[in-house]
Amino acid sequence: MSDKITHRLSVEGADSLTLVGVHDANLIALEQATGVRASLRGDHFTLAGEVAAVERAVRIASAMIDAARMDQSLTPDDVDRLAANGNRELEGWSEGAEELKIVLPGVRRAVQPKTPGQCEYLRAMRDHDIVVGIGPAGTGKTYLAVAMAVEALARKRVRRVVLARPAVEAGERLGFLPGDLQAKVDPYLRPLYDALEEMMPQDRAQRAIDNRIIEVAPLAYMRGRTLADAFVILDEAQNVTGGQMKMFLTRLGVNSRAVVIGDKTQSDLDPREESGLLQVERILPGIDGVAFCYLGDGDVVRHRLVRQILRAYDEDQEA
């Protein structure tokens, strides 16, 4: 029979409702993920169960307590995500997340990394002029990059923000869409508009777009330009050809930064055409000022099923 232990953690300074969740949903998620019994009594979080399970639960619970102390939101999906990061360093990452918190004017809640991978990604964007963020859907690649761009604009580190995306026909043809050219490409740019609307009040965002302080445009519009004093984001980079990628990266002018974002598993390019994302991954490592940041299924911040779906696809490809 396995030895069983009980471990108590102080929760002083943490909001108890944030910690346990509505109807104790966070405690239930912790129990399901680790196999321990979890309870909150007064200022102590109690974990009981087999030694190995309790040791694992202590690391997850400590991160939960740190998040609750910093007034971060905490849901059962967040607890599952912490459990999924069991092989990555959990202790202390919440303090790093607090350091990297982005407070945007006119937006009530701060933007903050929710996983160790997101911490590394934000830190890379703060410390390097060009960052290549690679990872599956739902890991916050675009969301966090847009937050960094809007913060840089608000703090006057740059004078403009440029958000670009390739208009690749993923099994459909632009010609069949109604409207003029702008109406045809808008659906491809919608995810960038969605991210932007979460970072700025709608009227302020619209004024910035009208005044060309923020530009959301297809990648083709970048050709022949020099982008100085700008924070430039290229989204869906797996759908960019090698020539387009070279064109984009060589647009950068003085005091500009670029973030290139993509998911290598979801390319819509012709199989005979090498993705520009794969090309830069091969030829740019080692250049000072360029950072590569990789996010995985443990960094997924969408519905918990997204993480499981990604793993199922990975397992199917490996079979």
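So, on to the sheet that holds strand 6 (residues 214-218). Read from one edge of the open sheet, six strands run 6-5-7-8-4-9, paired in parallel fashion. The open sheet is flanked by strand 6 and strand 9 (290-294), the only strands paired with a single partner. Across the sheet, the mean angle separating the axes of adjacent strands is 15° when strand polarity is ignored. When strand 4 (residues 130-134) meets strand 8 (residues 257-262), the two strands line up parallel, connected through five bridges. Bridge pairing in strand 8 links Val132 to Val260.

This next bit is on helix 2 (residues 25-34). Within helix 2, burial applies to Asn26, Leu27, Ala29, Leu30 and Thr34. Taken end-on, helix 2 shows its buried residues confined to a sector of 160°, consistent with a single buried face.

Now for the pattern of salt bridges. The full count for this structure, using the stated rule, is 15 salt bridges. We note a salt bridge from Arg159 to Asp229, for which the minimum N-O separation is 3.4 Å. Here Arg159, found in the loop between helix 7 (141-154) and strand 5 (160-165), pairs with Asp229, found in the loop between strand 6 and strand 7 (230-234); they are 70 residues apart in sequence, far enough to count as distant. For Arg159, a relative accessible area of 62% gives the class exposed. Linking Glu215 and Arg212 is a salt bridge whose minimum nitrogen-to-oxygen distance equals 3.6 Å. In this structure Glu215 comes out as buried when scored by relative accessible area, which is 8%. A single salt-bridge network, built from bridges that share partners, covers Arg126, Glu151, Arg155 and Arg157.

Next up on the list: the packing of helix 3 (residues 51-69) against helix 4 (residues 76-84). Interhelical geometry of helix 3 versus helix 4 gives an angle of 130° and a closest axis separation of 10 Å. Here helix 3 lies oblique to helix 4, going by the angle between them. The two elements helix 3 and helix 4 cross, and the hand of that crossing is right-handed. Residues Arg56, Ile60, Ala63 and Met64 of helix 3 pack against Val79, Leu82 and Ala83 of helix 4. Each residue belonging to the contact of helix 3 with helix 4 can be placed in one class, and the counts come to six nonpolar, no polar and one charged.

With 84% of its residues at a pLDDT of at least 70, the chain reaches an overall mean of 83. By mean pLDDT, helix 5 (residues 93-99) is the weakest element of the chain at 63, and strand 4 is the strongest at 97.

This next bit is on the pairing of strand 7. The buried fraction of strand 7 amounts to five of the five residues, a majority that puts the element mostly inside the structure. Of the two faces of strand 7, the one lined by Ala230, Val232 and Leu234 and the one lined by Phe231 and Ile233 are each fully buried. Where strand 5 lies against strand 7, five bridges are found, and the strand directions are parallel. In the strand pairing of strand 7, Arg160 is matched with Ala230. A crossover connection joins strand 7 to the parallel strand 8 through helix 10 (residues 242-249); in handedness this β-α-β unit is right-handed.

Its place among the elements puts Gly253 in the loop between helix 10 and strand 8. Given the relative accessible area of 21%, Gly253 is considered partly exposed. Sequence spacing of Gly253 and Asp229 is 24 residues, and the spatial spacing of their C-alpha atoms is 7.1 Å. Beyond its immediate sequence surroundings of up to four residues, Gly253 is in contact with Thr226, Leu227 and Ala228.

Relative to the helices and strands, Ser267 resides in the loop between strand 8 and helix 11 (276-283). Along the backbone, Ser267 and Asn239 are 28 residues apart, and their C-alpha atoms lie at a distance of 5.4 Å. Setting aside residues no more than four positions away along its own chain, Ser267 makes contact with Gln238 and Asn239. At a separation of 3.3 Å, a polar atom in the side chain of Ser267 contacts the main-chain carbonyl oxygen of Gln238. A distance of 3.2 Å separates a polar atom in the side chain of Ser267 from the backbone nitrogen of Leu269.

Tracing the chain through its elements places Arg160 in strand 5. Side-chain polar atoms of Arg160 contact the side chain of Glu215, separated by 3.2 Å. Every residue in contact with Arg160, bar those within four places of it in the chain, is listed here: Leu153, Arg212, Ile213, Glu215, Arg225, Leu227, Ala228, Asp229, Ala230 and Phe231.

A few words on the pairing of strand 3 (residues 44-50). Most of strand 3 is tucked away: five of the seven residues are buried. Inspection of the sheet shows strand 1 (residues 4-10) paired to strand 3 by seven bridges, in the antiparallel sense. Each bridged residue has a counterpart across the sheet, and for Thr6 the counterpart in strand 3 is Ala48. Pairing of strand 2 (residues 37-41) with strand 3 involves five bridges; the strand directions are antiparallel.

Conventions used here
Residues numbered from 1 in each chain as written. Predicted model: local features only at pLDDT ≥ 70, side-chain atom pairs only at ≥ 80, totals over all residues. Heavy atoms only, no water. Pairing = 2+ DSSP bridges. Helix = DSSP H or I, 4+ residues; strand = E, 2+ residues; numbered from the N terminus. Axes fitted to C-alpha atoms, helices over the stretch in contact; angles between N-to-C directions. Buried < 20%, exposed > 50% of the residue type's maximum accessible area, 1.4 Å probe, protein only. Arc of directions from axis to C-beta. Salt bridge = Lys/Arg side-chain N within 4 Å of Asp/Glu carboxyl O. Parallel < 35°, antiparallel > 145°, perpendicular 65-115°, else oblique. Left-handed = near helix turned anticlockwise from the far one by under 90°. Contact = heavy atoms within 4.5 Å. Nonpolar A, V, L, I, M, F, W, Y, C, P; charged D, E, K, R; others polar. pLDDT = per-residue confidence, 0-100. Right-handed = clockwise from strand over helix to strand, strands pointing away. Polar contact = N/O pair within 3.5 Å; in protein donor to acceptor, adjacent residues only side chain to side chain.

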